[in-house]
Amino acid sequence: MISQFFVLSQRGDNIVFRDYRGEVAKGSAEIFFRKVKFWKEDGQEEAPPVFNVDGVNYFHVKVVGLLFVATTRVNVSPSLVLELLQRIARVIKDYLGVLSEDSLRKNFVLVYELLDEVIDFGYMQTTSTEVLKSYIFNEPIVVDAARLQPLGPAAIFMQGTKRMPGTAITKSVVANEPGGRKREEIFVDIIEKISVTFSSSGYILTSEIDGTIQMKSYLTGNPEIRLALNEDLSIGRGGELANDYRSSYGSGAVILYDCNFHESVHLDSFDMDRTLALVPPDGEFPVMNYRMTQEFKPPFHINCLIEEAGHIKAEVILKVRAEFPSNITANTVVLEMPLPKYTTRASFELEPGVTGQRTDFKGANKKLEWDLEKFVGGVEHTLRAKLTFSQELHANITKEAGPVSMTFAIPMYNVSRLQVKYLQIAKKSSSYNPYRWVRYVTQANSYN
Amino acid sequence: MAPPAQSQRSPSPSQPSGVLIMVNSKSEVSDLKLQLRQLAGSRAPGVDDSKRELFKKVISYMTIGIDVSSLFGEMVMCSATSDIVLKKMCYLYVGNYAKVNPDLALLTINFLQRDCRDEDPMIRGLALRSLCSLRVANLVEYLVGPLGSGLKDSNSYVRMVAVMGVLKLYHISASTCIDADFPSILKHLMLHDSDTQVVANCLSALQEIWSAEASTSEEASREREALISKPVIYYLLNRIKEFSEWAQCLVLELVTKYVPSDSSEIFDIMNLLEDRLQHANGAVVLATIRVFLQLTLSMTDVHQQVYERIKAPLLTLVSSGSPEQSYAVLSHLHLLVMRAPYVFSSDYKHFYCQYNEPSYVKRLKLEMLTAVANESNTYEIVTELCEYAANVDIPIARESIRAVGKIALQQYDVNAIVDRLLQFLEMEKDYVTAEALVLVKDLLRKYPQWSHDCIAVVGNISSKNVQEPKAKAALIWMLGEYSQDMQDAPYVLESLVENWDEEHSAEVRLHLLTAVMKCFFKRPPETQSALGAALAAGIADFHQDVHDRALFYYRILRYNVSVAERVVNPPKQAVSVFADTQSSEIKDRIFDEFNSLSVLYQKVTTSFSQPFVLLCVTQIIKESRLTDIHKYLQPSYMFTDKEHRGPLEFADELGNLSIGEAANNVVPTQMVEENDKDLLLTTSEKEETKGSRNNGSAYIVPYDGSSTSVFASQTQIESAVSNPTLAGHSPQASFAIDDLLGLGIPAAPAVPSPPQLKLNTKAALDPSTFQQKWRQLPVALSQEISVSPQGVAALTAPQALLRHMQSHSIHCIASGGQSPNFKFFFFAQKFEESSNYLVECVINTSSAKAQVKIKADDQNTSQDFSTLFESALSKFGTS
């Protein structure tokens, strides 16, 4: 049960404010914002998502730079409220197509309408875009999506939210296309986030894949959909589903450590043939979240060498090799490496003739940055950086520099080899375009 | 609907910009008013569209906090329309202003009631919701009718709204709600309605109403109990998959309170809910887990299996979802890890921090890593933690180092950890060095066998590079403790003493005093001058504790160097156990409140889990803030605080909690002190000490023997003191130290005021009479008197005492003895009377005590004389 819900801009302006129970004083938004902004004097630490000021519990989630906040005086389940806030953001996005301060301001009447149906007197009613459709009458005013990229593999990476994927599809579930008729479409994204940690010797210390199958349906009439996954997929570490556990890791079986499913998914035949049957509700939702701890081949291999060159100089050689096929290209690749704090200058030397690469030495936080717009599979890139220090070197320069961290996105490639074999829509007429995007976002820490 | 209209404007009505907006908006509002009026009666085509535009404008003003309540009449007039969008906006507007304008609200009743009978169920529902949201007490009579028919409506949307309407009505006027018998209608609906959201709303409403009523009505509390009866629970559980995910949480929360009759029932429920663990909504999963954990509490084996079962879903939830959601789940995981670390010890890699995680997540993970460390994974965990030490996020880097230390103290694989810690010291980042120093100190207290390795590295650290008080104190402690192993310890200490005035932290100065003392006993010639300087500076220190300690050291040195050594430098005992942060009882209570804010705050709410009693959380927070303050307060203050607190049940628990935390802060220090036997007093004891000090006894600060083990050392001194044969020290030696240190004690001890007994200044008594009387008279009084250090010093020439006593009309008839024991016989005569007082006084210079026996002709005045004698003796050496 919550008392108030509000959305604040980054500057702390009220964009939407709804008081459901009148138990919390009206100034709560101000109190909240001041607290979040000045959580610690040094500004180093972020405020936790849940905190309490004078008996009022404040919950917040950050979505595309906006703060979605709920307040209550009751000791509720924090997951419930945080989950709800996230869901409200998603429902609003489903309706408005684009979630931004601008679109919220233009559509606040619609947003209020939604909020009235989602929560009544502090109790959650429904967050299903599907159900809400029949209660909502305002038409969304679609903000100009032109400045957003047209749909395409790259577009899905435009908005860099790490965990809320699928921001690519900026179409409202209710608004009509300019052409009039709605297009029958369904999007399935397989998004995998991998974390890999290398030791200085290049040995993999930890590796994990957090994946999600995200669906966004624009189909009318809500047909049933069957989603077939790899047949050799097994779940659990060989324990619970021993009969499916055909072979060792080497044979290429995809083994999920654990997964969970959206409530609309029927798992009746999942054990048999690894198909998920569902009637997709309108809007965006995760069909399935999964996690793999099985070893996999990391897409990039990083090699970092630091050589001393005199008393106050050193050279850093960073080599990155893409271990995926050459028909695939990674984009927005960024490597970062903290340098010793007494570094005063860094001059960079890229390979001759390369384009689309940018290097930078951030003097304030003593960081080396290397951006690569594109990274074609199978290729190796090298960066040489000459560092100048303000003081004489200590014995352990390697301790002061690094670790190298890397972020990138590789479209149309997933490391887990989890695949959607087919997507069947149980509807005879009307042509549809089942787009399948495989997005793959990785973060890697490498220690040298 | 409540845009913070008032709050936004009211704080700054006087600000020019605020006024400007007001003026502008005022004219715009009157503009709107005009336009609305024109449209109100219009039937022209397209009028609805223009109305929509206007309504939108009104509502946008409302949202940004401009008061548009003056448009109330016009808005209501315009709402006579069939356009549902318009209606909705109008309801929104009405709901916002009705409460502050009850008279205007009356205007709306009419059209809302009419809309409640509309043929469109949407409009019926919306109107009913608006009607109930007016929150105006004198309008409740208009609610009962529409609510009653709403609950019977054929459309589930209307029923759903009506159920919440009942709850709203209850909050406006409980009696109206009860009188209309709405709760029993809700109960019927809950058990029979086909729509699950109606059922869920009934459940929410009934829980709230009956919980509130339960305090006054027995029937209500029976009804509340009935909600968790078997039929209701089973009815809800069997339909659980039809409920929305939010309603599922509600049902699961209810199930938590249900007590199954036997284990087969428990297994039935768990099997039924098994697949809820795979839900993508974290709230559902956590609610399910809570049910599982609660159900199996008494079944140890199954409980264990539950841990195994929920592990994977929890870890998946942590890695899917937004960082905020992860945090909520992670907090719960944290709780479970703390409860059963061994279950998670193989999953430690999941608790590795990622560089881009917010610090509140990292902090939880660090604690979990610390908790799950065992023989098999310590090496990996510590390796990982060491990487964080170079983290750009300095607070996290610090905590990682602390975590390494904690693991080291937990016992596993100390060998590897010591190496790492020592590497930290070589990293030359000041905060890393600082944290590592503190850790090495703790480590040495537990594992003195590592001293050799550690000292070699610590010795290389320049004290100039260490600025943080805690780290500096740790370094100084080690300098003192291991001064025999560190070549230049005395010189480092000396330079620190030289900069005494620049040292702002009392903690550091206290440690410095002790360290110099320790060093002195190990390497006297090199430390002598530093010790003198330190004691002089310490005694002149403004800080009470520093002053007291310096004085104490000075006096004990004066008294007897070997005793001092035993006090300051006793053989060390390794610390075996460090205090736990939270009592297990509190952990249990938090566990009982699984899936609530208690877990995130790591604080207990209340044992009576009434989610609707609002004050509880308010209180916790007050409490929790107090707790923070308490950390820095003395324990004794906490009790006073607690007494001031109300009779609320949990006040007590939280009181305990805060004490627990404070104790946590205090205990480690206490450990050092106790262990060192070097008389570092914890705050509460200082209080006592100060108190008794003012009572004016001159030499050793008296200690309250009833106190804790910290006083072991004091007891030791006292026994040494009371046994003069132990003390083989001459007053000359003490004097020598005094000279050596170049000190004079400025402070005069307090003296009891002389009583009204006058003595004959020219008394005379011949020795034989004295002897005779001494034999005849019984001992009237026998006591021990302290002699001031100055007095003891002055006793090198006993004649001085005789002259001194004579000036107080107490005459000496015989004296003798040699250091440390002097014996005197005194006599005195009462003024203008022939009543005699005879005194035998044995002064021991090493204990600075005088054993006095008094005999008197007139027994009644012997007490007065004794006081007089004591006063005279205590003044010896000061005048």
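Everything quoted here is computed from the prediction, not taken from an experiment.

Participant: Looking at this model, I keep getting lost on helix H8 (residues 141-151) of chain B. Mind explaining?
Facilitator: Because each turn of an α-helix spans 3.6 residues, side chains separated by three or four positions end up pointing in the same direction. Along H8 of chain B, the residues that are buried comprise Leu143, Pro146, Leu147, Gly148, Gly150 and Leu151 of chain B. Here the buried face of H8 of chain B lies against helix H6 (102-115), helix H7 (121-132), helix H9 (156-172) and helix H11 (182-192) of chain B.

Participant: I tried to follow the sheet that holds strand E23 (residues 380-389) of chain A on my own but got confused; where do I start?
Facilitator: Backbone-to-backbone hydrogen bonds pair the strands of a sheet. The strands run either parallel or antiparallel. All names here are of chain A. Spatially, the four strands line up as an open sheet ordered E17-E18-E23-E20, and their pairing is antiparallel. The sheet terminates laterally at strand E17 (300-308) and strand E20 (343-350), the two strands that pair on one side only. Along the sheet, successive strands turn relative to each other by an average axial angle of 20 degrees, direction set aside. When E20 meets E23, the two strands line up antiparallel, connected through seven bridges. Of the residues in E23, the one forming a bridge with Ala346 is Leu387.

Participant: In this structure, what is going on with the packing of helix H24 (residues 414-426) of chain B against helix H26 (residues 451-458) of chain B? I would like to understand it.
Facilitator: Between two packed helices, both the angle of their axes relative to each other and the distance between the axes serve to describe the pair. All names here are of chain B. At a closest axis distance of 10 Å, the pairing of H24 and H26 adopts a crossing angle of 10 degrees. Taken together, H24 and H26 sit at an angle that is classed as roughly parallel. Packed against H24, whose contacting residues are Val418, Leu422, Leu425 and Glu426, the element H26 presents Asp453, Cys454, Val457 and Val458 at the interface. A per-class count over the contact of H24 with H26 returns six nonpolar, no polar and two charged.

Participant: Looking at this model, I keep getting lost on the pattern of salt bridges. Mind explaining?
Facilitator: Side chains that carry opposite charge are capable of pairing whenever their charged atoms lie near each other. Enumeration over the complete set of coordinates arrives at 54 salt bridges over all chains. The residue Glu265 of chain B makes a salt bridge to Lys230 of chain B at a minimum N-O spacing of 3.9 Å. Of this pair, Glu265 of chain B sits in helix H16 (residues 263-273) while Lys230 of chain B sits in helix H14 (residues 230-238), and the two are 35 residues apart along the sequence. A relative accessible area of 40% places Lys230 of chain B in the partly exposed class. A single salt-bridge network, built from bridges that share partners, covers Glu113, Glu117 and Asp120 of chain A together with Lys88, Arg129 and Lys168 of chain B.

Participant: What's the story with the side chain of Gln357 of chain A in this structure? I'm lost.
Facilitator: Residue and element names in this part refer to chain A. Looking at the element boundaries, Gln357 is found in strand E21 (residues 357-362). A polar side-chain atom of Gln357 sits 3.0 Å from a polar atom in the side chain of Trp370. In terms of polar contacts, Gln357 uses its side chain to reach the side chain of His381, at 3.3 Å. Apart from the residues within four sequence positions on either side, Gln357 is in contact with Leu350, Glu351, Trp370, Asp371, Leu372 and His381.

The rules behind these values
Residues numbered from 1 in each chain as written. Chains lettered and ligands numbered in written order. Predicted model: local features only at pLDDT ≥ 70, side-chain atom pairs only at ≥ 80, totals over all residues. Heavy atoms only, no water. Buried < 20%, exposed > 50% of the residue type's maximum accessible area, 1.4 Å probe, protein only. Helix = DSSP H or I, 4+ residues; strand = E, 2+ residues; numbered from the N terminus. Contact = heavy atoms within 4.5 Å. Pairing = 2+ DSSP bridges. Axes fitted to C-alpha atoms, helices over the stretch in contact; angles between N-to-C directions. Parallel < 35°, antiparallel > 145°, perpendicular 65-115°, else oblique. Nonpolar A, V, L, I, M, F, W, Y, C, P; charged D, E, K, R; others polar. Salt bridge = Lys/Arg side-chain N within 4 Å of Asp/Glu carboxyl O. Polar contact = N/O pair within 3.5 Å; in protein donor to acceptor, adjacent residues only side chain to side chain.

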